[in-house]
Amino acid sequence: MAGPMPKWRVAGRPAVAAGLAMLAGLTVATHGASALTIELKDVASDRIERQRAAADGRLPLAKTPDISKFDQRLAEAGVKSGSPMLMRIFKETSELEIWIERGEQYVLFATYPICHWSGTVGPKLKEGDKQTPEGFYTITNRQIRHLGRWQRAINLGFPNAFDRAHNRDGSYILMHGGCSSVGCFAMTNPVIGEIYGLAKAAIRDGQRHIPVHVFPFRMTDAALAARASSPWHGFWASLKAGSDSFERTRRPPRVSVCEGTYRVQDAPPKSSKHTEETGKPRRGKSREDMMLGAIRTGCPAPVVVTAERKDQNLAAPAAGAPSSQAVSQR
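Model, not experiment: these values are computed from the prediction.

A look at the confidence of the model for the protein chain
Detail in the predicted coordinates should be disregarded across regions flagged by low pLDDT.
Next, step 1: Overall, the prediction assigns the protein chain a mean pLDDT of 80, with 71% of residues at 70 or greater.
Next, step 2: Under a pLDDT of 50 for its full length, residues 2-38 has, in the predicted model, 70 contacts with residues more than four places off or in other chains.
Next, step 3: Note on residues 273-283: pLDDT under 50 across the span, and 15 contacts to partners over four residues away in sequence or across chains.

Let's talk about the environment of Trp-117
Next, step 1: Residue position: Trp-117 is located in strand β6 (residues 116-117).
Next, step 2: Spatially, the C-alpha atom of Trp-117 lies 8.3 Å from that of Gln-131, the residues being 14 residues apart in sequence.
Next, step 3: Side-chain polar atoms of Trp-117 contact the side chain of Ser-94, separated by 3.0 Å.

Considerations on the pairing of strand β7 (residues 135-139)
Next, step 1: Summarising burial for β7: five of the five residues are buried, a large majority.
Next, step 2: Pairing of β7 with strand β11 (residues 210-215), which is carried by five bridges, proceeds in the antiparallel orientation. Among the inter-strand pairings, Thr-138 is bridged to a residue of β11, identified as Pro-211.

A look at the pairing of strand β13 (residues 261-265)
Next, step 1: Direction of pairing for strand β12 (residues 254-258) relative to β13: antiparallel, over a ladder of five bridges. Bridge pairing in β13 places Val-255 opposite Val-264.
Next, step 2: Once β12 ends, the chain turns through two residues before running back antiparallel as β13, passing Glu-259 with a positive phi of about 50 degrees.

Parameters and conventions
Residues numbered from 1 in each chain as written. Predicted model: local features only at pLDDT ≥ 70, side-chain atom pairs only at ≥ 80, totals over all residues. Heavy atoms only, no water. pLDDT = per-residue confidence, 0-100. Contact = heavy atoms within 4.5 Å. Helix = DSSP H or I, 4+ residues; strand = E, 2+ residues; numbered from the N terminus. Polar contact = N/O pair within 3.5 Å; in protein donor to acceptor, adjacent residues only side chain to side chain. Buried < 20%, exposed > 50% of the residue type's maximum accessible area, 1.4 Å probe, protein only. Pairing = 2+ DSSP bridges.

This is how it looks when you write it as structure tokens:
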């Protein structure tokens, strides 16, 4: 849940730097309100500096794209507002990426600093644990409406089918403006305005599910190996499969929740199934394109992409296996 914007100061940069590595929580005073505990724990200690900058009015944050040159940046990337998009979040480095479809693949349009998120690496388990989630989520039209005091906010869709399979609970995990949050991703008002506008345009122009992949860190082999002793190592390995698939294809992977685990398959080529049913090209987007990024339930049949880049089912689903269907995230 989002918290109020604190007005505070942190005394002594050397003291802050020395204490952050072991910090389990930070209590900051809020104007006219009781103290707010912001959980920082063991990663992304630069969140303190970003909150200090926002409180002092020193915006935009360093490394923020020039929001005033939005149209110019679109042209330079060779993409259009309204095209299908994908978001990736990396908690450890406090970064949010937006990728937009260009031709057969998605290209990186922007990387924004996340002004604040609470907790540490690892998934959200329950309401009130002050953790931000990790996993594969989708945004639908219902999730980009006006929510609460934020003029522009996007509901991430926690808990998803995987979270529910593991009895994880919580609600209204948002991407929103400002620079204070407990459980959400605070992006500052100008940045969330740009993200919100892109998401709304993509859905308006036909993208039913905008995938949002939330990772604890950059999913490299070395990063995962360095955390081999973590209780979340197996979970993170399943997230890495999704990251690796996108890195290979530059298209959002097919993600299913099968027997309580994420199953990832490479996305098919764009519009590869337009002519399968009638032998004629359809107008507009194929169903496969429209459902790209949706989280499915059920165990998928194995799929291989041949040299001609056509999907072939290797086996039919087992008798009694749940059918594959999109899960509406709320």
